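Residue-level structure breakdown
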Amino acid sequence: MNVPALLRRWWPALVLVVLVLLPYSALPLPGLLDGPIGSPGSLQLLALCLVFGALATGYDLLLGRTGLLSFGHALYFAAGTYATGLLLTQAGLNFWLAAALGLLAGLALAALLGSVSLRMTGIGFAMVTLAFAQAGSILVQRDPGGVTGGEEGLAATGLPASLVGIQHTANLYWIALAYLVVTLAAVQWAVRSPIGRVWEGIRENERRVEVLGLRPYGFKLVAFVLAGALAALGGVVYLLLTGGATPQTTTSDFTLSLLVMVVLGGSGTRWGPLVGGVLYTWAEHRLASLAGSGTIAGLPSVLRVPLSQPLFLLGVLFVIIVYALPGGVAGLPARLRIRAVSRGAQA
Amino acid sequence: MTSPLLGVRDLRVVVGGRHILHGVDLDVVAAGVTALLGRNGAGKTTTVRGILGLVPRSGSVRYDGDETVALTTHQIVRRGIGYVPEDRGVFAALTVAENLRLAERDPDPAYGLVHELFPELKQRARQAAGTLSGGQQQMVAIGRALLNRGNRLIIADEPTKGLAPRVVTEVAVALERAAQAVPILLVEQNLALVRRLADHCVVLADGRTAHAGPAADLLADAEKSRTLLGVGRRADVPKDLVGPESGGDH
Amino acid sequence: MSTVVLLGVTGLGLGALYFLVASGLSLIFGLMDVLNFAHGALLSVGAYATWWAASHSFGFPLALLFGTAVGTLAAVALELGLIRPLYRRPREQVLATVGVGLAVPALLSAIWGADARTFPVPAALAGTFTLLGASVPVNRLVLIGAALVVLLALRLFLGRTRHGLVVRAGVEDRAMVTALGIDVRRAFTLVFAIGGAAAALAGGLAGLYFGSVDPTQGSALLIFGFVVVVMGGLGSVGGAAVACVVVGLVQQFANYYSTAGLGDLSVVVMLAVLLLVRPSGLTGRLA
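So, here's what we can say about the structure. None of the values given here were measured: they were computed from a predicted structure.

**Considerations on the overall build of chain A**
Check the secondary structure of chain A and you find 15 helices and 2 strands. Relative to the globule expectation of 20 Å for 347 residues, the C-alpha radius of gyration of chain A, 21 Å, shows essentially globular dimensions. The principal-axis extent of the C-alpha atoms belonging to chain A is close to 70 × 60 × 50 Å. Taking all 347 residues of chain A together, the buried fraction comes to 49%. Counting only contacts in chain A whose residues sit at least 6 apart along the sequence, the fraction spanning at least 24 positions is 73%. For chain A, the exposed surface amounts to about 15,700 Å²; the carbon and sulfur share of it is 68%.

**A word on the arrangement of the chains**
With 2 pairs of chains in contact overall, the contact-richest pair is chains A and C. Left apart from each other, chain A and chain B have a closest C-alpha approach of 9 Å.

**Quick word on the packing of helix α2 (residues 39-55) of chain C against helix α3 (residues 60-83) of chain C**
Residue and element names in this part refer to chain C. Where α2 contacts α3, the two axes come as close as 8 Å, and the packing angle between them is 145°. Crossing angle aside, the handedness with which α2 passes α3 is right-handed. Mapping the contact onto sequence places Leu42, Val45, Gly46, Ala49, Thr50, Trp52, Ala53 and Ala54 in α2 and Ala63, Leu64, Phe66, Gly67, Val70, Gly71, Ala74 and Ala75 in α3. Broken down by class, the residue content of the contact of α2 with α3 amounts to 12 nonpolar, 4 polar and no charged.

**Overview of the interface of chain C and chain A**
Residue-level contacts link 37 residues of chain C with 36 residues of chain A. Contact between chain C and chain A buries roughly 3,200 Å² in total, counting both sides, with carbon and sulfur atoms accounting for 81%. Of all residues in chain C, the largest losses of buried area upon contact with chain A belong to Leu95, Leu102 and Leu276 of chain C, amounting jointly to 19% of the total for that side. Summed over the shared surface of chain C and chain A, the number is 0 salt bridges.

**Points about helix α7 (residues 165-181) of chain B**
Residues and elements named next belong to chain B. Spanning 17 residues, α7 covers 25 Å between terminal C-alpha atoms, matching the ideal 24 Å at 1.5 Å per step. Within the sequence span of α7, burial applies to Val167, Val168, Val171, Ala172, Ala174, Leu175, Ala178 and Ala179. One side of α7 carries all its buried residues, which in axial view fall inside an arc of 165°. Facing away from the buried side of α7, by more than 90 degrees, are the exposed residues Arg166 and Gln180.

**Topic: the interface of chain B and chain C**
At the junction of the two partners, chain B supplies 21 residues and chain C supplies 19 residues. Of the roughly 1,800 Å² buried between chain B and chain C, counting both surfaces, carbon and sulfur atoms make up 60%. Three residues, His74, Phe91 and Leu102 of chain B, lead the burial of chain B against chain C; their summed loss comes to 35% of the area buried on that side. In this structure, the connection of chain B to chain C is made through 1 salt bridge. Linking chain B with chain C are 7 residue pairs in polar contact (both at pLDDT 80 or more), by the criterion used here.

**Comments concerning the layout of surface pockets**
Residues and elements named next belong to chain A. Taken as a whole, the second largest pocket encloses approximately 950 Å³ of empty space. Val15, Leu19, Leu180, Trp271 and Leu274 are, among the 31 residues lining the second largest pocket, the residues nearest its centre. With 9 residues, helix α6 (residues 169-192) is the largest single contributor of residues to the lining of the second largest pocket. The residue makeup of the lining of the second largest pocket, split by class, is 28 nonpolar, 1 polar and 2 charged.

**A word on the environment of Leu27 of chain A**
Structurally, the position occupied by Leu27 of chain A is in the loop between α1 (3-21) and α2 (40-66). Not counting residues up to four positions away in its chain, the partners in contact with Leu27 of chain A are Pro36 and Ile37 of chain A.

Calculation notes
- Residues numbered from 1 in each chain as written.
- Chains lettered and ligands numbered in written order.
- Predicted model: local features only at pLDDT ≥ 70, side-chain atom pairs only at ≥ 80, totals over all residues.
- Heavy atoms only, no water.
- Helix = DSSP H or I, 4+ residues; strand = E, 2+ residues; numbered from the N terminus.
- Rg over C-alpha atoms; globule rule 2.2 N^0.38 Å.
- Buried < 20%, exposed > 50% of the residue type's maximum accessible area, 1.4 Å probe, protein only.
- Contact = heavy atoms within 4.5 Å.
- Areas by Shrake-Rupley, 256 points an atom, 1.4 Å probe, with all protein chains shown as cover.
- Axes fitted to C-alpha atoms, helices over the stretch in contact; angles between N-to-C directions.
- Left-handed = near helix turned anticlockwise from the far one by under 90°.
- Nonpolar A, V, L, I, M, F, W, Y, C, P; charged D, E, K, R; others polar.
- Buried area = accessible area lost by both parts, 1.4 Å probe.
- Salt bridge = Lys/Arg side-chain N within 4 Å of Asp/Glu carboxyl O.
- Expected span 1.5 Å × (residues − 1).
- Arc of directions from axis to C-beta.
- Polar contact = N/O pair within 3.5 Å; in protein donor to acceptor, adjacent residues only side chain to side chain.
- 1 Å grid on protein atoms, 1.4 Å probe; cavity = no way out; pocket = protein on both sides within 12 Å on 5 of 7 lines; lining within 4 Å.
- Points joined across faces, edges and corners; volume = space filled by probe spheres on them.

Here's what the structure looks like:
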């Protein structure tokens with residue numbers, strides 16, 4: 001095999017090696033990151049990007065692979081975060097045990113609520129998942145018994161020393177990277193399995209799957225539980241990264257931002273949701289720090305006011321993507337290729 | 001030969017990646033009933049929906065001399081078409097009177113004719129259409145098509161399907177009466193009704209036009225109608241049965 | 001007794017807000033299959049426009065009229081500019097409204113700040129009155145009255161006008177309406193205008209009810225609007241009217257007689273249970 005062919009086959013491995021080695025790099029990326037890549041601030045942001053990239057990839061298991069529009073994905077992410085956090089602060093468990101139980105809690109919740117919600121289809125399903133997630137969000141914010149911290153959020157205690165503090169940011173980064181790899185592998189494996197082919201059938205035409213004698217319900221439940229478990233695992237990683245849990249991750253806006261990431265990157269593609277999640281998270285943080293900087297303060301108010309709100313820019317960008325780039329960022333190369341070919345054909 | 005009122009050439013419809021129509025040709029002349037026949041799944045209803053722009057389609061559909069394939073459904077219908085859909089398309093939550101009123105386009109709707117043909121509709125004007133029997137719903141559907149004097153074509157898709165024999169007769173009388181004033185494109189499985197009403201016929205098979213000609217000729221030829229309409233054994237359609245109109249250049 | 005009366009009237013007032021949000025959502029979804037996530041944004045636009053006008057000594061009724069007009073225009077612009085070009089692509093239409101629903105509150109907080117702004121409540125509506133021994137804030141009556149007027153107007157519009165007839169028929173079968181020679185897209189713009197007007201009115205009244213406006217009010221009310229729409233049966237204004245009373249009352253009483261927050265919780269749980277028992281909602285109609 002020649003070099004380009006090797007590259008085409010093995011570039012994900014190459015990228016992974018580069019990502020693993022990033023904490024050792026002192027390369028500055030002005031404009032993209034505030035400090036050199038290996039600095040704690042940059043690693044923290046990169047780790048968040050990876051977590052949300054993975055989270056969007058897991059969410060797309062429902063949206064892009066099975067055609068299920070869930071408005072309650074935040075619930076399972078928050079279940080992982082809050083269950084682990086509560087087991088640490090209230091029960092005083094060892095972190096790894098608490099994390100395992102937190103993951104199990106998210107999985108069990110997804111199995112329970114999924115088995116109920118999936119009795120509905122289409123918009124009814126979307127509404128029930130929204131209702132359940134909203135119930136969870138209200139619970140966390142109203143703080144019964146004073147355990148969730150309400151609006152303030154929850155600060156995790158009893159974390160292993162090697163995972164706390166600025167000097168250990170690289171460890172957290174590697175954990176985020178590991179979570180991403182696990183998610184990508186799980187999604188890829190599931191999509192290629194026989195179950196994955198049934199999911200594809202359900203997405204294309206649920207009736208036809210029924211005609212083949214298969215009950216879509218069970219297959220959809222597997223997708224829902226797998227996506228829920230991956231989200232809960234992401235919640236545990238997020239707890240480590242931010243040192244606690246915040247009620248913002250329970251809201252429907254959080255689920256909507258996952259939806260935006262997936263559509264931004266390209267729903268139903270292997271790398272699209274990951275790219276979307278990374279871009280969204282990076283843009284949100286960069287725009288927020290840009291808004292606080294002097295670069296924007298000098299602009300006339302017509303420009304300064306909207307630019308100071310990352311969500312405004314992301315919302316507008318999202319609408320533009322929906323219009324101009326239906327396949328998301330991942331569909332961009334193919335679109336350019338088609339355009340080039342058709343232009344060549346015209347000439 | 002005078003140009004037909006409705007001329008369809010090479011009509012193609014793709015739904016969800018599947019080709020439903022591969023090239024349908026048909027003409028509706030400016031008088032009488034033209035029957036659209038074929039086995040189940042041959043593409044009759046899709047042809048009608050394609051003509052009306054209810055499904056994405058390509059090819060050519062000329063109505064009254066104008067190309068309509070680029071127009072939207074309401075623009076096509078406003079050129080003077082009354083449509084009686086396969087499932088009757090009656091609005092269940094609306095009353096009979098509201099169903100009819102919704103269809104009004106002319107300044108002077110022909111309520112006299114509709115109530116003469118279907119006196120029940122007048123009695124049940126304030127009843128919700130969803131509570132009517134199938135036959136009464138069909139009367140509402142046909143009534144909507146007859147209401148506009150400006151209609152110069154009526155397209156009726158299996159208007160007698162699932163109806164009691166008494167109601168079939170009533171519907172047949174109404175169509176016969178309507179056909180005196182307006183040409184009709186009639187999709188129909190009931191061959192007795194076709195024999196009674198139709199002057200011309202077009203037969204579809206597998207999404208293509210397989211035959212076109214006088215209705216009486218086809219129905220008189222037992223072998224031919226068995227082959228084309230699938231009464232009895234299934235056979236492939238021989239090439240020489242394709243009518244003279246199809247595939248011709250106009 | 002006086003507590004029950006106060007809770008009852010407050011619950012109905014809240015229900016009135018939900019109705020104003022839900023009636024438009026329900027019509028839009030029923031007719032167009034678009035779950036309008038920008039509906040909360042329309043409410044916020046109305047709230048800020050009303051607040052702005054009221055703070056510039058317009059007088060409350062005129063300010064409310066101004067806010068409703070701005071919200072209506074915003075809704076029409078949304079339909080013509082973003083929804084109509086995506087006709088026949090319902091999923092993209094929903095996504096576009098999600099984007100607008102994110103961007104508009106962010107823009108509002110960019111211009112007027114993320115914190116709540118005090119709403120200038122006119123003196124005539126700031127007081128209370130006595131009803132069966134309970135001292136009830138006057139603004140609750142304004143809310144209930146406004147919702148009743150909107151309900152009546154919608155019923156007259158839907159039942160007595162040709163446009164209303166087209167909307168009702170379109171909720172049942174959009175394609176058949178076009179097959180009768182009617183341009184159903186004009187009805188789309190119309191229901192967006194109606195929904196935007198009702199949502200913007202709800203925004204202005206929410207300012208009166210809460211005594212302040214903030215950029216997130218819209219999305220918070222939107223969730224309960226969804227609950228009401230689904231409970232009432234998608235596309236049914238009458239169903240929404242019944243459901244909003246149930247939701248408003250249950251929420252108020254449960255919040256008062258148990259720990260705060262349980263009312264909100266019981267409402268969403270109620271929705272989930274109802275959907276599972278009767279998937280088509282209270283009125284048995286699912287568009």
